[in-house]
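Fold and contact review
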Amino acid sequence: MCGIIGYVGKEDAVSIIVEGLKKLEYRGYDSAGIAVYGASGFFDVVKQKGRLASLEAGLADNPLTACIGIGHTRWATHGEPSDINSHPHVGNQSKVAVVHNGIIENYKQLKENLEHSGIVFSSQTDSEVIAQLAEHYYNGDIMETVIKISGRLEGSYALGIMCVDEPDMLVAVKKDSPLIIGVSKNGNFIASDVPAVLKHTNEVYYLEDREIAVLTKDSVQFYDMDKQPIQKTPETITWSFDSAEKGGYEHFMLKEIMEQPKVLRDTINSATVSGECKENIENLDISRFNKIVITACGSAYNAGVVAKYVFEQLCRLSVEVELASEFRYKDAIIDSKTLVILISQSGETADTIAAMREAKSKGAFTLAIVNVVGSTIAKESDLCLYTAAGPEIAVATTKAFSTQLAILYALAVRFATSLGKLSSETENELLCEIKALPEKVTEILKHIDSIQKVASSYVGYKSIFFIGRNIDYAIALEGSLKLKEISYIHSEAYAGGELKHGTISLIEENTLVVAIANCERLYGKIMSNVEQVASRGASVLLIGSCKNDEPDERVSSIVLPDVHELFSPSLSVVALQLLSYYVAANKGLDIDKPRNLAKSVTVE
């Protein structure tokens, strides 16, 4: 969702903020803006609907100079995308400037009260309420003002606040939305995410809910809501600055697809060879639980669906997979004997955080799989396993998804062994299969040109269906999601056996059906489905390790390396990612920043 960057220091705040906003584009946005405290003694504000290029053009026409400022990329929730609705927002008296990520649920009530006091609003946003409320309460102490407004706001927020009466100070506070504080010898930063500050520092603090950070050019201090100082320890980010750059690739998505062999190897080693991840897996006593519930959103949910097949086959333990957005409202049947696995790349997914808190309130043990150290889910879960994906910038996940699968495989094998369902010999065989995945992914990537050629012939399709049986159906869900995310082509995934229960009525000429075929025991079944759709005029793309012994001109193939059926999704998904990428690339679309989407969904 929205991106925040703020800076106070010895260097040019404008260039630093604009550069930071560019690093936050992946979060999704429809407008951008900047406010700085300039030589005039007032706030200078430039904000524009559209891409950052529009903001940069506005700044070129109206150059600003300052050493303190805040910037924002907005993803509209309240009020249409427009210049007026863009952030930063400034109060009527031009004393306070605010950037906000989140949703203020009681903004209408607050707005009505302020309007009755004679305050005139200029935007349709919930966020302007914060700036107007801050000015209403301001009595010469901006930190005291932040404490007062935090007590009135309901919902989620990450705030960066400046006041003209305290021009050397930048104040930040958060609740249920991520915010980090970066420190360097040339100044200090607030930001929604690490990439925004990584060029300048790798030392960051993660702000906890209802903690206040007060930044000057030379210091960062933390306080609670009683104005009592808090001692916090900084985290050292191990990602390199280059890892958040394109590295010569046209898009971050392609770069991240190509990085999968390395990040898979790193994640598998951490989970099976040595390190904290392996220790945490081995120390978890699965015999404590009689049920596993996996909850997540989007692609992470699809990873959970894959895991259900793997866990149930190896562990012979009941597994439920729940959308986090539904889990939080369904009064789930869980207790102290339930293991709840939460999957989130960012560790800040609002619905998954809520699901975690619901599970903990009912006594369940929560195990998180996340990619971001210090994130909310990582800190609040009972146990956290980190993927080694590094920064993922493209909105459509690729390498983070693949590393989530790797962790889930390792968990399933370990659990099955602990439960006595696997011999040590079979355990070793399965671990060897998992450890071989990076090389097999490398083999697929060697044939990227042939996949690109296949994809180029599918650009004109208006509707594409993905089918599979058993675990191939699970990964078909992710293939369909990836395609619709970045190509805007209508797409759906179905279990192959369900075609005849209604869906086959949609199959006609100029329809593409992508069939996943890695389950050898079900190969005849999926090929029967292929015949059914081909006979009705559909084109078919067969993806998998199962060989098509009866060539058919209606059927194209992407052949994958041989792999254990349970771990085949890790190979299928790479081909599906490349298929989606090249279809979208041939359409000339903005692949890294697809319309209406955000990388980290931090609001409900």
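Right, let's walk through the structure included here. In this text, all values refer to a predicted model and were calculated from it rather than measured experimentally.

Cut-offs used in this document
- Residues numbered from 1 in each chain as written.
- Predicted model: local features only at pLDDT ≥ 70, side-chain atom pairs only at ≥ 80, totals over all residues.
- Heavy atoms only, no water.
- Helix = DSSP H or I, 4+ residues; strand = E, 2+ residues; numbered from the N terminus.
- Rg over C-alpha atoms; globule rule 2.2 N^0.38 Å.
- Buried < 20%, exposed > 50% of the residue type's maximum accessible area, 1.4 Å probe, protein only.
- Contact = heavy atoms within 4.5 Å.
- Areas by Shrake-Rupley, 256 points an atom, 1.4 Å probe, with all protein chains shown as cover.
- Phe/Tyr/Trp six-rings, centres within 6.5 Å; stacked < 30°, edge-to-face > 60°.
- Lys NZ or Arg CZ within 6 Å of the ring centre and 35° of its normal.
- Pairing = 2+ DSSP bridges.
- Axes fitted to C-alpha atoms, helices over the stretch in contact; angles between N-to-C directions.
- Parallel < 35°, antiparallel > 145°, perpendicular 65-115°, else oblique.
- Nonpolar A, V, L, I, M, F, W, Y, C, P; charged D, E, K, R; others polar.
- Core = buried A, V, L, I, M, F, W, Y, C linked by side-chain atoms within 4.5 Å.
- Arc of directions from axis to C-beta.
- Right-handed = clockwise from strand over helix to strand, strands pointing away.
- Polar contact = N/O pair within 3.5 Å; in protein donor to acceptor, adjacent residues only side chain to side chain.

Some remarks on the overall build of the protein chain
Looking only at helices and strands, the protein chain features 19 helices and 25 strands. Here the C-alpha radius of gyration of the protein chain, 25 Å, is about what a compact globule of 604 residues would show, namely 25 Å. Out of the 604 residues in the protein chain, the part that is buried amounts to 60%. Nonlocal contacts in the protein chain, meaning residues at least 24 apart in sequence, comprise 72% of its contacts between residues at least 6 apart. Of the accessible surface of the protein chain, which amounts to about 22,800 Å², a share of 46% is contributed by carbon and sulfur atoms.

Some words on the packing of aromatic side chains
Counting across every chain of the model gives nine aromatic pairs. Ring geometry for Tyr581 against Tyr582: centres 5.0 Å apart, planes inclined by 80°, an arrangement best described as edge-to-face. For the residue pair Tyr581 and Tyr582, the accessibility class agrees, reading buried in each case. The ring of Phe222 carries the charged tip of Lys232 above its face, separated from the ring centre by 5.8 Å. The lysine or arginine in question, Arg595, covers the ring of Tyr488, its NZ or CZ lying 3.9 Å from the ring centre.

Focus: the sheet that holds strand 24 (residues 539–544)
One open sheet holds the five strands; their spatial order is 22-21-23-24-25, and the pairing between them is parallel. The two strands at the open ends of the sheet, each matched to only one other strand, are strand 22 (490–495) and strand 25 (555–559). This sheet shows a mean twist of 20° between the axes of neighbouring strands, independent of strand direction. Examined bridge by bridge, strand 24 and strand 25 share five bridges and lie parallel to one another. Residue Val540 lies in a different strand from strand 25, and its bridge partner there is Val555. Seen against the sheet, helix 17 (residues 471–487) touches strand 21 (463–468), strand 22 and strand 23 (512–516) and runs at an angle of roughly 175° to strand 22.

What about the packing of helix 1 (residues 13–23) against helix 2 (residues 52–61)?
When two helices pack together, their arrangement is captured by the angle between the axes and the distance separating the axes. Two elements in contact, helix 1 and helix 2, have axes whose closest approach is 11 Å; the angle formed by their N-to-C orientations is 170°. Classified by the interaxial angle, the pair formed by helix 1 and helix 2 is roughly antiparallel. Residues Val14, Val18, Leu21 and Lys22 of helix 1 pack against Leu52, Leu55, Glu56 and Leu59 of helix 2. Residue composition of the contact of helix 1 with helix 2, grouped by class: six nonpolar, no polar and two charged.

Here's the deal with the pairing of strand 11 (residues 203–206)
Where strand 9 (residues 180–184) and strand 11 come together, three bridges link them in antiparallel fashion. Bridged to Ile181 within strand 11 is Tyr205.

So, the nonpolar core
Generally speaking, soluble globular proteins have nonpolar side chains that are buried together. Core analysis: the biggest nonpolar cluster contains 130 residues, and Ile292, Phe311, Leu339, Ile341, Leu411 and Val514 have the highest contact counts within it. The element that contributes the greatest number of residues to this core is helix 13 (residues 399–418), accounting for twelve residues. Counting 30 residues, the second largest nonpolar core, distinct from the first, contains Val98, Val129, Tyr138 and Ile147.

Comments concerning the sheet that holds strand 9
Spatially, eight strands are ordered 3-2-4-1-10-9-11-15 in an open sheet, and the strand pairing comes out antiparallel. Unpaired on one side and paired on the other, strand 3 (43–49) and strand 15 (235–236) mark the two borders of the sheet. Pairing of strand 2 (residues 31–37) with strand 4 (residues 68–74), which is carried by six bridges, proceeds in the antiparallel orientation. Bridging from a neighbouring strand, Ile34 pairs with Gly71 of strand 4.

Quick look at helix 16 (residues 448–456)
Burial in helix 16 covers these residues: Ile448, Ile451, Val454 and Ala455. Within helix 16, the buried residues cover an arc of 120° as seen down the axis, which keeps them to one side. Structural note: helix 16 exposes Asp449 and Lys453 on the side pointing more than 90 degrees away from its buried face. Buried-residue contacts for helix 16 involve helix 6 (252–258), helix 15 (437–445), strand 24, strand 25 and helix 19 (569–586).

Re the pairing of strand 21
Among the six residues in strand 21, six count as buried, and that is most of the element. Burial of the side chains of strand 21 extends over both faces: Ser463, Phe465 and Ile467 are buried on one face and Ile464, Phe466 and Gly468 on the other. Relative to strand 22, strand 21 runs parallel, the two sharing six bridges. If you follow Ile467 over to strand 22, its bridge partner there is Tyr494. Regarding topology, helix 17 serves as the crossover connection from strand 21 to the parallel strand 22, and that connection is right-handed.

A word on the side chain of Ser344
Mapped onto the fold, Ser344 is located in strand 18 (residues 338–344). At 2.9 Å, the side chain of Ser344 and the backbone nitrogen of Gly347 are in polar contact. Apart from the residues within four sequence positions on either side, Ser344 is in contact with Thr349, Ile369, Val370, Asn371, Ile377 and Gln404.

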